[in-house]
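# Structure assessment
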Number of protein chains: 2
Amino acid sequence: METITADQYYLVYNALSFTIATMASATLFFWFGRSQVAPAFKTALTITGLVTFIACYHYFRMFESWSEAYTVTNGVVTATGERYNQEYRYVDWLLTVPLLLVELILVMRLTRAETVSKSVTLGAAAALMILLGYPGEVSAGIDLTRLVWGALSMIPFLYIVYTLFAGLSNAIDSQPASARKLVSIARYVTVLSWLFYPVVYFAPFILPVDGAGAKTIIEVGYTIADIAAKAGFGVLIYLIAVRKSEEKGEAA
Amino acid sequence: METITADQYYLVYNALSFTIATMASATLFFWFGRSQVAPAFKTALTITGLVTFIACYHYFRMFESWSEAYTVTNGVVTATGERYNQEYRYVDWLLTVPLLLVELILVMRLTRAETVSKSVTLGAAAALMILLGYPGEVSAGIDLTRLVWGALSMIPFLYIVYTLFAGLSNAIDSQPASARKLVSIARYVTVLSWLFYPVVYFAPFILPVDGAGAKTIIEVGYTIADIAAKAGFGVLIYLIAVRKSEEKGEAA
């Protein structure tokens, strides 16, 4: 295992801890919000909270794993020989990314048939995207393996982005006026926060960093992307649900 | 204890952790859903959540037990001498499998007499199936003991499959139109996800694997079957309960 500096160690350590607190609070916020929206939007908030709940669990595991992989004594970092279990991120995404898409679809209030078909196709594309990215992430270094699997993973990614932009644009027109802008923002936030993941994935190819630097960028980068895509996006979903509940005069 | 590779160790490790997160989220989803269905279906969702709650507990124990049975230092796996407690799975099934059947029967809304008699006979058959499979699972190897007890366990298994298909087909005809298809799907999901357990049980007899390979296949295979039979099946039960609540116009 390459040696990281104490600064790099603590940067990742504190980013992971920060995210445990963020995800836990976001979860509680979304679940408390369930009582303040119309019945039609309760499931969307349940799932929004589940996404941050699952992320909180995995950030807790990552924090423990990171702490066990290194010891820092008098500012000197030593690898303990225990492996930092990077798979927690992929396991997390496999669960949360399809749920994130379902949460956006649910808050749109499409017809039942559209809700089911969009949830299934987008959810499957998201799972495929993550499974294709994984072999590149765990390959030995910043090499061709990472590049090829990363490129393959971009195919379902682009399909999702296209579907969100083109396919759901009609749905946006049918939203009540007060929520239309928020739904449109949510769509952009999805795409932009998601774009951050491939940027982090491919960053080590471009930036002049060594193995330890690449590792630090990847850990901190994915953490920022997760906060934006899960907690930040969730707040938008919450606002849309509240706005649409008011519109219909059906708030609980 | 046979030596497993680091890849095998981490595959099982991550599958167990993934399942803790899945079962915990499924439990919360089902229990939050209680407030969104008619009173007649609240018990079905309570039990659906109990099944995944019990599974979450056992997966947490299995994860701890697996972590304590091996140490991995610089990619080399060493058995610590502590035993991985496989019995957690059988203890889990003894509780959850009869509950799974009760949950399917409850959501069907049969007459009270039928509900009781089917719950008792199917629940007892399920318990017998698990008790008969156990001596084969813990026998020293992939041998005659495993084969004989596995075969005996198939008798109550086939009885349950037969009862679900033949005995409950009348009940399906009496379901409201909007839920009939979902109930029928739930019946098939039960049988298919359950069939996965004997497939995993007998797989080491057919696949060209050593002891460590067999162990990995059994752990990962049962994990996939548990996710499908408990969380996946539970989502179907939830959808049936919501659909039937809407049908009756009696949603809470």
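These lines cover the structure that appears in this document, whether it is placed above or below. Just so we're clear, the structure is a prediction, and the values are computed from it rather than from any experiment.

### Here's the deal with the layout of surface pockets
In this structure, the largest pocket encloses a volume near 1800 Å³. Along the walls of the largest pocket sit 47 residues, with A:I47, A:V102, B:F29, B:V235 and B:L239 positioned nearest its centre. Secondary structure elements with two or more residues in the lining of the largest pocket: α2 (42–69), α3 (87–108) and α4 (112–137) of chain A together with α1 (6–33) and α8 (211–247) of chain B. Among the elements that make up the lining of the largest pocket, the one with the highest residue count is α8(B) (10 residues).

### Section: the relation of the copies chain B and chain A
In the superposition of chain B on chain A (RMSD 0.1 Å, axial shift 0.5 Å), the rotation amounts to 69°. Here the symmetry operator amounts to a five-fold rotation axis. The rotation axis passes nearest to the C-alpha of B:S35 in chain B, at a distance of 9.3 Å.

### What to know about unusual backbone geometry
All names here are of chain A. Residues other than glycine seldom take positive phi values, yet N74 does so here, at roughly 50°. Within the fold, N74 resides in the loop between β1 (70–73) and β2 (76–79). Owing to a relative accessible area of 80%, N74 belongs among the exposed residues under this scheme.

### Things to note about the packing of helix α7 (residues 177–206) of chain B against α8(B)
All names here are of chain B. Their axes nearest at 9 Å, the elements α7 and α8 cross at an angle of 170°. Comparing their axes, α8 and α7 come out roughly antiparallel. Considered class by class, the residues forming the contact of α7 with α8 number 25 nonpolar, 4 polar and 4 charged.

### Regarding the pattern of salt bridges
Evaluated as defined, the whole model comprises 13 salt bridges over all chains. B:D92 is paired through a salt bridge with B:K230; the nearest N and O atoms lie 2.6 Å apart. One end of the pair, B:D92, is in helix α3 (residues 87–108); the other, B:K230, is in helix α8, with 138 residues separating them in the sequence. Take B:D92: its relative accessible area is 1%, and that puts it in the buried class. Among the residues examined, B:K230 registers a relative accessible area of 1% and is labelled buried. For the salt bridge of B:K230 with B:D226, the shortest nitrogen-to-oxygen distance reads 3.2 Å. A residue pair is termed a helical-turn pair when its members lie 3 or 4 positions apart in one helix, as B:K230 and B:D226 do in helix α8 at 4 residues. Grouping residues by exposure puts B:K230 and B:D226 together as buried. Among the charged side chains, a salt-bridge network with shared partners connects A:R89, A:D92, A:E219, A:D226 and A:K230.

Criteria and cut-off values
- Residues numbered from 1 in each chain as written.
- Chains lettered and ligands numbered in written order.
- Predicted model: local features only at pLDDT ≥ 70, side-chain atom pairs only at ≥ 80, totals over all residues.
- Heavy atoms only, no water.
- 1 Å grid on protein atoms, 1.4 Å probe; cavity = no way out; pocket = protein on both sides within 12 Å on 5 of 7 lines; lining within 4 Å.
- Points joined across faces, edges and corners; volume = space filled by probe spheres on them.
- Helix = DSSP H or I, 4+ residues; strand = E, 2+ residues; numbered from the N terminus.
- Least-squares fit on C-alpha atoms with pLDDT ≥ 70 in both.
- Buried < 20%, exposed > 50% of the residue type's maximum accessible area, 1.4 Å probe, protein only.
- Axes fitted to C-alpha atoms, helices over the stretch in contact; angles between N-to-C directions.
- Parallel < 35°, antiparallel > 145°, perpendicular 65-115°, else oblique.
- Nonpolar A, V, L, I, M, F, W, Y, C, P; charged D, E, K, R; others polar.
- Salt bridge = Lys/Arg side-chain N within 4 Å of Asp/Glu carboxyl O.

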